[in-house]
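Secondary and tertiary structure notes
What follows is each chain in one-letter form.
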Amino acid sequence: MKVLLVEDDRDLAEGLVVALRSEGLVISHVAHGADALKQVDQFHPDMVVLDLGLPDIDGLEVLKSVRKAKPNIPILILTARSALDDKVNALDNGADDYLAKPFEMEELLARLRVMARRLSTAITSQVTIGDVILDTAAHTLLVNGDEVRLPKKEYMTLKILMEEAGRVKTKSMLENSLYEWGETIGSNAIEVHISNLRKKLPQDFIQTIRGIGYTIRQSG
Ligand code: CA
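Overview of the structure. These numbers come from a predicted model, not from an experiment.

Quick notes on the rules
Residues numbered from 1 in each chain as written. Predicted model: local features only at pLDDT ≥ 70, side-chain atom pairs only at ≥ 80, totals over all residues. Heavy atoms only, no water. Helix = DSSP H or I, 4+ residues; strand = E, 2+ residues; numbered from the N terminus. Rg over C-alpha atoms; globule rule 2.2 N^0.38 Å. Buried < 20%, exposed > 50% of the residue type's maximum accessible area, 1.4 Å probe, protein only. Contact = heavy atoms within 4.5 Å. Areas by Shrake-Rupley, 256 points an atom, 1.4 Å probe, with all protein chains shown as cover. Lys, Arg positive; Asp, Glu negative; His and termini not counted. Charge placed at Lys NZ, Arg CZ, Asp CG, Glu CD. Pairing = 2+ DSSP bridges. Axes fitted to C-alpha atoms, helices over the stretch in contact; angles between N-to-C directions.

We now examine the overall build of the chain. Check the secondary structure of the chain and you find 8 helices and 12 strands. Its C-alpha atoms give the chain a radius of gyration of 23 Å, more than 25% over the compact-globule value 17 Å for 220 residues. Expressed as a percentage of the 220 residues in the chain, the buried residues total 40%. Here the contacts in the chain between residues at least 6 apart in sequence split such that 56% fall between residues at least 24 apart. Per element, the accessible surface of the chain, about 12200 Å² overall, is 50% carbon and sulfur. Charge-centre separation for the chain: the mean point of 27 positive side chains lies 7 Å from the mean point of 33 negative side chains.

This is the structure we're talking about:
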């Protein structure tokens with residue numbers, strides 16, 4: 001796991017680098033906002049620890065730029081500013097978490113572990129609902145522990161419904177996601193996919209919202 005540390009306080013930065021490396025993290029440390037933006041491109045960090053008070057660019061501006069370049073990267077803010085507004089502002093601008101200085105090293109490490117955990121669940125790309133596990137990277141479906149093979153359109157239908165479990169998908173939303181423009185769609189194509197999927201899934205896994213569409217409930 002690579003962490004970009006952006007901190008201009010030399011003593012604090014040195015302590016942080018030692019502590020983070022001892023946790024097995026790969027660290028790139030910079031003291032300036034401009035260097036931070038370069039390192040996001042060159043070092044490809046998995047997480048960013050960002051001091052808000054930097055000598056060149058305001059940390060909030062750095063935060064906004066990093067967030068714009070990397071929408072999903074976890075960012076932990078370090079701030080000497082105690083005002084609640086600053087913290088809210090940082091969170092509103094895409095920070096995942098913040099720590100007010102001075103802080104205990106253990107606290108920082110704990111926060112980073114939480115962010116790393118969140119990151120690894122996002123990376124596994126596994127969607128689990130009840131006894132059904134869909135792996136959207138490996139393209140595999142497990143139902144009660146047994147692997148089930150699905151034709152492409154059925155797989156895509158299930159992927160949409162599971163990834164957005166709890167939301168109702170209309171027939172035309174599914175058609176638009178499954179078929180390219182100009183591709184011939186039978187009038188009951190979606191009903192057929194759903195009917196075929198239901199034979200392979202636990203009973204009532206896919207629910208029909210009469211007159212509207214289909215949904216999968218989060219609880220399964
Ligand atoms: Ca500072």
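Moving on: the sheet that holds strand β7 (residues 132–135). Across the sheet, 4 strands lie side by side as β6-β7-β8-β9; this open sheet has antiparallel pairing. Taken across any chain shown, the strands that pair with only one partner, and hence form the sheet edges, are β6 (126–129) and β9 (146–148). Averaged over all pairs of adjacent strands, the angle between their axes in this sheet comes to 20 degrees, without regard to strand direction. Pairing geometry for strand β8 (residues 140–143) and β9, over 3 bridges, is antiparallel. Across the sheet, Leu-141 pairs through a bridge with Val-148, a residue of β9. The strands touched by helix α6 (residues 152–163) within the sheet are β6, β7 and β8, with β7 carrying the most contacts at an inclination of about 110 degrees.

Quick look at the sheet that holds strand β11 (residues 207–209) now. Overall, antiparallel pairing links the 3 strands, which are arranged β10-β12-β11 in an open sheet. Edge positions in the sheet fall to β10 (169–170) and β11, since each has one partner strand and no second. Relative to strand β12 (residues 213–215), β10 is paired through 2 bridges, and the arrangement is antiparallel. Paired with Thr-170 across the two strands is Gly-213, which belongs to β12. Of the strands in this sheet, β11 and β12 are in contact with helix α8 (residues 189–200), which crosses β12 at around 30 degrees.

What follows concerns the pairing of strand β3 (residues 47–51). Taken across its 5 residues, β3 has 5 buried, putting it largely inside the fold. Side chains Met-47, Val-49 and Asp-51 project from β3 onto one buried face, and the interleaved Val-48 and Leu-50 project onto a second face that is buried too. Of the pairings in the sheet, the one linking strand β1 (residues 2–6) to β3 comprises 4 bridges and is parallel in character. Residue pairing in the sheet places Val-3 in a bridge with Met-47 of β3. In the sheet, β3 pairs with strand β4 (residues 75–79) via 4 bridges, with the strands oriented parallel.

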